[in-house]
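Structural description and commentary
Listed here are the chains, written in short residue letters.
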Amino acid sequence: MYKKVFSSIALFFFGILLAQSQTVIGKWKTIDDETGQAKSILEVFEKSGKIYGKVIEILDVEHKKSLCSNCSGDDKNKPILGMIVIKGLTKEGSEYNDGKILDPKNGKLYKCFITLVTKDKLKVRGYIGISLFGRTQYWYRVKS
């Protein structure tokens, strides 16, 4: 009897841990798809049922205090550090889409979708119009 109860409790907590590791929420190291260099650390979080991503660390010393001079609207000339660059994604199956991603380098907003490739690898696709016309980056989970 006790073995069954213990096994059930252990299985329940294992399931919770497994489910938590299969989420886009967390800290991610961004990799430039053109240079292959690590650029920043983003924190992906949920707010009001939508997914957002905020720059929490810039890895290139020369750009730590950079401003988004090419951005428009509220983001114009604001520091990239602390900026929300993933905006309003919603979950649809295993993919998060219907939101935008900001490229602080050129100041442009793109349609976006993200998908977990593995629990520690995130596929990020920014595009104009249809997803055929865009760029893909792979980001890697930062272990605490």
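Model, not experiment: these values are computed from the prediction.

**Regarding the overall build of the chain**
Looking only at helices and strands, the chain features 1 helix and 8 strands. Along its sequence from the N terminus, the chain presents helices and strands in the succession α-β-β-β-β-β-β-β-β. Scored against the burial criterion, the 144 residues of the chain give a buried share of 32%. Considering only intrachain contacts with a sequence separation of at least 6, the fraction spanning at least 24 residues in the chain is 35%. In the structure as shown, the chain presents an accessible area of about 9,400 Å², 58% of it carried by carbon and sulfur atoms.

**Notes on the state of the cysteines**
According to the stated counting rule, one finds 1 disulfide in the structure shown. Through a disulfide, C68 is tied to C71; the S-S separation comes to 1.6 Å. Taking the torsion about the sulfur-sulfur bond, which here is approximately 50°, the covalent link between C68 and C71 counts as right-handed. A single burial state applies to C68 and to C71, both of which are buried.

**Describing the packing of aromatic side chains**
Going through the model one piece at a time under the given rule, you end up with 2 aromatic pairs. With centroids separated by 5.9 Å and ring planes inclined at 25°, the aromatic side chains of F45 and Y52 adopt a geometry described as stacked. Given a relative accessible area of 21%, Y52 falls into the partly exposed group. Ring plane angle 55° and centroid distance 6.2 Å describe the contact between F113 and Y127, whose orientation is recorded as tilted. Of this pair, F113 sits in strand β6 (residues 108-118) while Y127 sits in strand β7 (residues 121-127), and the two are 14 residues apart along the sequence. By relative accessible area, which is 14% here, Y127 ends up buried. For the cation-ring pair, K121 lies above Y138, with the distance from its terminal atom to the ring centre recorded as 4.7 Å.

**Points about the environment of S40**
Mapped onto the fold, S40 is located in strand β2 (residues 38-47). S40 sits 10 residues away from T30 along the chain, and the two C-alpha atoms are 5.4 Å apart. Non-local contacts of S40, meaning those with residues more than four positions away in its chain, are made with W28, K29, T30, V55, E57, I58 and L59. At a separation of 2.8 Å, a polar atom in the side chain of S40 contacts the side chain of T30.

**What about the sheet that holds strand β8 (residues 134-141)?**
Taken together, 8 strands build a closed barrel; the order of strands is β1-β2-β3-β4-β5-β6-β7-β8 and the barrel is antiparallel. Adjacent strand axes in the sheet meet at a mean angle of 30°, parallel and antiparallel pairs treated alike. With 3 bridges connecting them, strand β3 (residues 50-58) and strand β4 (residues 84-92) associate as antiparallel partners. Looking at β4, one finds that I51 is bridged to L89.

**Looking at the environment of L81**
Within the element layout of this structure, L81 appears in the loop between β3 and β4. Separated by 14 residues in the primary sequence, L81 and L67 have C-alpha atoms spaced 8.3 Å apart. The contacts of L81, once residues within four sequence positions are left out, are V55, I56, E57, I58 and K64.

About the criteria used
- Residues numbered from 1 in each chain as written.
- Predicted model: local features only at pLDDT ≥ 70, side-chain atom pairs only at ≥ 80, totals over all residues.
- Heavy atoms only, no water.
- Helix = DSSP H or I, 4+ residues; strand = E, 2+ residues; numbered from the N terminus.
- Buried < 20%, exposed > 50% of the residue type's maximum accessible area, 1.4 Å probe, protein only.
- Contact = heavy atoms within 4.5 Å.
- Areas by Shrake-Rupley, 256 points an atom, 1.4 Å probe, with all protein chains shown as cover.
- Disulfide = S-S within 2.5 Å.
- Phe/Tyr/Trp six-rings, centres within 6.5 Å; stacked < 30°, edge-to-face > 60°.
- Lys NZ or Arg CZ within 6 Å of the ring centre and 35° of its normal.
- Polar contact = N/O pair within 3.5 Å; in protein donor to acceptor, adjacent residues only side chain to side chain.
- Pairing = 2+ DSSP bridges.
- Axes fitted to C-alpha atoms, helices over the stretch in contact; angles between N-to-C directions.

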